[in-house]
Every structure is written in C-alpha cells, then in structure tokens.
Amino acid sequence: MNPRLSRWLQAPSIVILLLWMIVPLGMTIYFSTIRYNLLYPERTGFIGWSNYEFFYTDPSFWPAVFNTLILVGSVLAISVVLGLAIAVLIDRPFAGRGIVRVMLISPFFIMPTVNALLWKNMLLNPIYGIFAALAQAIGAEPVDWLAQLPLLSVILIVSWQWTPFAILIFMTSLQSQDQEQKEAALLDGAGFLSQFFNLTLPHLARPIAVVILIQMIFHLSIFAEIFVTTGGGPGNQSTNLTFLIFAQALQGFDVGVASAGGVFAIILANVVAIFLVRFIGKSLTV
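Note that the structure is a prediction, hence the values are computed from the model and not measured. (Residues numbered from 1 in each chain as written. Predicted model: local features only at pLDDT ≥ 70, side-chain atom pairs only at ≥ 80, totals over all residues. Heavy atoms only, no water.)

## Remarks on the environment of aspartate 254
In step 1: Along the chain, aspartate 254 turns up in the loop between helix H13 (241-251) and helix H14 (255-285).
In step 2: Expressed as a C-alpha distance, the spacing of aspartate 254 and asparagine 37, which sit 217 residues apart in the sequence, is 4.4 Å.
In step 3: If we skip the residues at most four places from it in the chain, aspartate 254 touches Tyr36, Asn37, Gln248 and Ala249.
In step 4: A polar contact of 3.2 Å, which involves the side chain of aspartate 254, links it to the backbone nitrogen of valine 257. (Helix = DSSP H or I, 4+ residues; strand = E, 2+ residues; numbered from the N terminus. Contact = heavy atoms within 4.5 Å. Polar contact = N/O pair within 3.5 Å; in protein donor to acceptor, adjacent residues only side chain to side chain.)

As structure tokens, then:
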C-alpha cells in the first residue's frame, strides 16, 4: 500500500484520538487558572496559580497523596502476589477446575459500588457483619473496620475485586507455557520452587508487568469504594487524591480548585507510570 495513502487512512482516527485527549486536558488547564465557583458564576476571572496554591496548601492534600500511594501500592502487591499464587495453584488439572476458575474471576465483573456495599453491609458491619460474627464466636470484640481501619478496609475491598483480574491474566498466560521444559526439569529432579522461580516466573514476566501497569491506571482513580464506605473519613484517613478533587468540585462547588487538583492528579499518574515502566517493567522483562 502507498505510504501516503495509509497515512491519510489513519489520519481520522488519530485526529479523533488527539481531540478526545487534548480538548478535555486543555479545558482542565484553562479552568485551573480562573476563578470559577458554581455558586458565584458571575465572579469569573483569571487568577493564575492561585487555584494550585490553594489546592497545594489544603491540609488534606499531602494526606491524600500519601493515601493514594499507599492504596495503589498495597492493592498492587496483594492482587499480584495472591493472583499469581492462585493462578499457579489452579493451573494443575483437578475435578471441577472449570467451575472453580469461573467462581474465582467472577468478583471482577461486579460493579465497584455493589462491591463496596457488599463489603460494607455483609462483611465489615460491626453489628451484623460476618467478620463481627467470627470475632464474637471466638470471644473477641468486633472491630468497626470502616471507623477504626478505614484505609485498610478500602484496600481489602479493592483487592478483592482486582485479584481476579490478575488471576485471569496469569491463568491465561500459563496455558502457553512450554510443558516440555517443565517435564524436563521434573526429570532432572527440580522441585516446585525451583520450577516456579526458574521457569514459571520468567514466563510470566510480561503478564506481571501488564497487570501492574493496567491496575495502576485504574487504582489512581479509585472513588466509588471510598464514597460508598468511608466518605473519605474519619477525617481524611481514607481520602485519596480523586476523592479530594470530588470534594472540591461537588461539595465545595469550586471548579477552578478542582481542575487544579486534576492537573496534580495527571502529574502524579505520569510520574508513577514512568517509574513503573522504567524500573518494574524493565526488571521483569530482562
């Protein structure tokens, strides 16, 4: 095909993609430099970096950044390690393996809001939740998870939903592993751990990098689980950057400050993505 013709054929999709990304980003940057409060729409004007300064000096800003990093890192660690362990465990044939696989990946298809409600009312409730019943059964005092351990509760909720995603990716990747290598290693006397670290883990290097990068993108914008369960509290103990932006935009009605927070979120997401691509991704694919 003529290279010039191929470029013209690709041009519409590239232009649409650029507009899809650049227009919202440009509007966010524009709103971040003006005074724009929905309660006082007539008081609009250019104020430069004042919105950024206000958002940056917010007492909840650094706790929100810290909570965001802890939330993303913890969920990634739990989902990748647990997903890898379960995928390797169910890779071997056993009776009912198909049903078990479907049940293991099914939580991933539950909507985040429904997932949060299930955990809030059925598991974490200090009065009639399952965890409270288990604590009472052994004579312990039930824990009010959402009040006493809010960030840990959100981490558990998100990890429960995203671990099946890791299981699905790892389980699919294990199907393409060379079985002859495993049989040869077994004949040479290699044990399970030796096979795992020398054959299975290198084979799953790229899928692990993919899982980490995809989950990182989604976990930086976690909102529904926090909104439904803790509301960012108590105080700001479970407030992440996304929820702080929501509070500024829809609770404080300040579009300008919320837009400045959106720019901060974009910068943070890119910094984390660059770190993961250059360090984790490279080390796994070597």
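## Description of the nonpolar core
In step 1: By size, the foremost hydrophobic cluster in this structure holds 41 residues, and its most contacted members are Phe55, Leu84, Phe170, Ile208 and Met216.
In step 2: Of all the elements in the fold, those that place two or more residues in this core are helix H3 (61-89), helix H8 (150-174), helix H11 (205-219), H13 and H14.
In step 3: Element by element, the count of residues in this core is highest for H3, at 11 residues.
In step 4: Within the second largest apolar cluster, 6 residues are counted, among which are Trp119, Leu124, Trp145 and Leu146. (Core = buried A, V, L, I, M, F, W, Y, C linked by side-chain atoms within 4.5 Å. Buried < 20%, exposed > 50% of the residue type's maximum accessible area, 1.4 Å probe, protein only.)

## What to know about the pairing of strand E2 (residues 40-46)
In step 1: Judged from the 3 bridges that link them, strand E1 (residues 34-37) and E2 form a sheet pairing that is antiparallel. Of the residues in E2, the one forming a bridge with isoleucine 34 is phenylalanine 46.
In step 2: Linkage of E1 to E2, two consecutive antiparallel strands, is achieved through a turn of 2 residues. (Pairing = 2+ DSSP bridges.)

## Overview of the layout of surface pockets
In step 1: The computed volume of the largest pocket comes to approximately 320 Å³.
In step 2: In terms of lining residues, the largest pocket is bounded by 14 residues, among which Asp91, Arg92, Gln179, Lys182 and Gln195 are the most central.
In step 3: Breaking the lining of the largest pocket down by element, the ones donating at least two residues are helix H9 (179-187) and helix H10 (192-203).
In step 4: Put simply, the parts of the chain that give the lining of the second largest pocket at least two residues each are H11, H13 and H14.
In step 5: Taken together, the residues of the lining of the second largest pocket break down into 9 nonpolar, 3 polar and no charged. (1 Å grid on protein atoms, 1.4 Å probe; cavity = no way out; pocket = protein on both sides within 12 Å on 5 of 7 lines; lining within 4 Å. Points joined across faces, edges and corners; volume = space filled by probe spheres on them. Nonpolar A, V, L, I, M, F, W, Y, C, P; charged D, E, K, R; others polar.)

## So, the packing of aromatic side chains
In step 1: Applying the stated rule across the entire model yields 24 aromatic pairs.
In step 2: Centre to centre, the rings of tryptophan 162 and phenylalanine 165 are 5.5 Å apart; their planes meet at 75°, and the pair counts as edge-to-face. Of this pair, tryptophan 162 and phenylalanine 165 both sit in helix H8, separated by 3 residues, roughly a single helical turn. (Phe/Tyr/Trp six-rings, centres within 6.5 Å; stacked < 30°, edge-to-face > 60°.)

## Some words on a nonpolar patch on the surface
In step 1: A cluster of nonpolar side chains, namely Ile14, Leu17, Leu18, Trp20, Met21 and Ile22, defines an oily patch on the protein surface of about 660 Å² accessible area.
In step 2: Checked against the element boundaries, tryptophan 20 lands in helix H1 (residues 3-31). (Patch = residues over 30% accessible without salt bridge, like charges linked within 9 Å, V, L, I, M, F, W, Y side chains within 5 Å. Areas by Shrake-Rupley, 256 points an atom, 1.4 Å probe, with all protein chains shown as cover. Salt bridge = Lys/Arg side-chain N within 4 Å of Asp/Glu carboxyl O.)

## Some points on the side chain of serine 153
In step 1: Counting through the fold element by element, serine 153 comes out in helix H8.
In step 2: Assessed through its relative accessible area of 0%, serine 153 is described here as buried.
In step 3: Polar side-chain contacts of serine 153 include one of 2.7 Å to the backbone oxygen of leucine 149.

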